[in-house]
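Each chain, letter by letter, is given below.
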Amino acid sequence: QVQLVESGGGLVQPGGSLRLSCGVSGSISSINTMGWYRQAPGNQRELVASITSGGSTATADSVKGRFTISRDNAKNTVYLQMNSLKPEDTAVYYCNARVTVRPGVRYDNYWGQGTQVTVSS
C-alpha cells in the first residue's frame, strides 16, 4: 500500500510564505512524476506544479515566479515553496505521485489527503 502524507499548510497573511511537504511511503519500487494540485471552493482541482524524477518542472502561470516545486528522491518527498501568497491562493492543496510498486508494473496515481492553505489578513 502506498501513502502520501502532506504537511505545512495553515493561515498566512498576504505576501507571506509557506512550505508544503509530501512524503510517499509504503510498497514503492519507483516514483515518476510528483505534483501539487489545489482546489478552491466551487472550483475544479487544478495543477499547480509538477516535477519529474529527473527534476524537470512545470508550473501554472498563476503561480509562476512565486511558487517553486522541488523533490528529494532519497526521501521520496516533494516540496512546494510558496512565496508572495495572495488571497486567491486559498485552497486545499493535494499532493500527487505516480508510483509503481514493482518493476515492470504500471505506474498508478496516488493522492494525499489534502492540506488547507488560507491567505487572509
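Reading guide: rules and limits
Think of each chain on its own: its residues are numbered from 1, step by step along the sequence as written. Owing to the predicted nature of the model, reporting of local features is limited to residues with pLDDT of at least 70; listing and counting of side-chain atom pairs is limited to 80 or more, with chain, interface and lining totals taken over all residues. Side-chain calculation: all heavy atoms of the structure are included, whereas hydrogens and water are not. Here, a strand pair is defined by DSSP locating no fewer than two bridges between the strands. To qualify as a helix, a DSSP run of H or I must reach at least 4 residues; to qualify as a strand, a run of E must reach at least 2; elements of each kind are numbered from the N terminus. To obtain each axis, a line is fitted to C-alpha atoms, and for helices this fit is confined to the stretch in contact; angles are then taken between N-to-C directions over 0 to 180 degrees. Criterion for a salt bridge: a side-chain nitrogen of Lys or Arg within 4 Å of a carboxyl oxygen of Asp or Glu. Using a 1.4 Å probe on the protein chains alone, a residue whose accessible area is under 20% of its type maximum counts as buried, one over 50% counts as exposed, and one in between counts as partly exposed. In this description, a disulfide is simply a cysteine sulfur pair whose atoms lie within 2.5 Å. Definition of nonpolar core: a set of buried residues of the types Ala, Val, Leu, Ile, Met, Phe, Trp, Tyr and Cys, connected through side-chain atoms within 4.5 Å.

Peer 1: Before we go on, may I ask you to explain the sheet that holds strand β7 (residues 67–72) in this structure?
Peer 2: Strands in a sheet are paired, the pairing made by backbone hydrogen bonds, and the direction either parallel or antiparallel. One open sheet accounts for four strands, arranged β1-β3-β8-β7; its pairing is antiparallel. Only two strands of the sheet have a single partner each, and these edge strands are β1 (2–7) and β7. The average undirected angle you get between the axes of adjacent strands in this sheet is 15 degrees. One ladder, built from six bridges, connects strand β3 (residues 18–26) with strand β8 (residues 77–82); its direction is antiparallel. Across the sheet, residue Leu18 finds its bridge partner in β8, namely Met82.

Peer 1: When you look at the pattern of salt bridges in this model, what are you seeing that I'm missing?
Peer 2: It is possible for side chains of opposite charge to pair when their charged atoms get near one another. Evaluation of the coordinates by the stated rule reveals five salt bridges. Taking the shortest distance from any N to any O, the salt bridge between Glu46 and Arg38 comes out at 2.7 Å. Given the relative accessible area of 7%, Arg38 is considered buried. Linked through salt bridges whose partners overlap, the residues forming this network are Arg38, Glu46, Arg66 and Asp89.

Peer 1: In this structure, what is going on with the state of the cysteines? I would like to understand it.
Peer 2: Linking two cysteines covalently through their sulfur atoms gives a disulfide. Counted according to the given criterion, the structure contains one disulfide. Between the sulfur atoms of Cys22 and its disulfide mate Cys95 the distance is 2.1 Å. In this structure the cystine formed by Cys22 and Cys95 twists about its S-S bond by roughly -80 degrees; its chirality is therefore left-handed. Of this pair, Cys22 sits in strand β3 while Cys95 sits in strand β9 (residues 91–100); the two residues are 73 residues apart in sequence, bridging distant segments of the chain. Considered together, Cys22 and Cys95 belong to a single accessibility category, that of buried residues.

Peer 1: Sorry, what's going on with the pairing of strand β11 (residues 115–119) here?
Peer 2: A one-sided burial pattern is seen for β11, the buried positions being Thr115, Val117 and Val119 and the unburied ones Gln116 and Thr118. Sheet topology places β9 next to β11; three bridges connect them, and they run antiparallel. Note that in β11 the partner of Tyr93 across the bridge is Thr115.

Peer 1: Help me understand the nonpolar core, please; the structure alone is not making it clear to me.
Peer 2: Formed by 29 residues in total, the largest nonpolar core has its most connected members in Trp36, Leu80, Met82 and Tyr93. At the level of elements, β1, β3, β4 (30–39), β5 (46–51), β7, β8, β9 and β11 are the ones that each hand at least two residues to this core. The dominant element in this core, judged by the number of residues it contributes, is β9, at five residues.

Everything listed here is a matter of geometry and, on its own, says nothing about what the molecule does.
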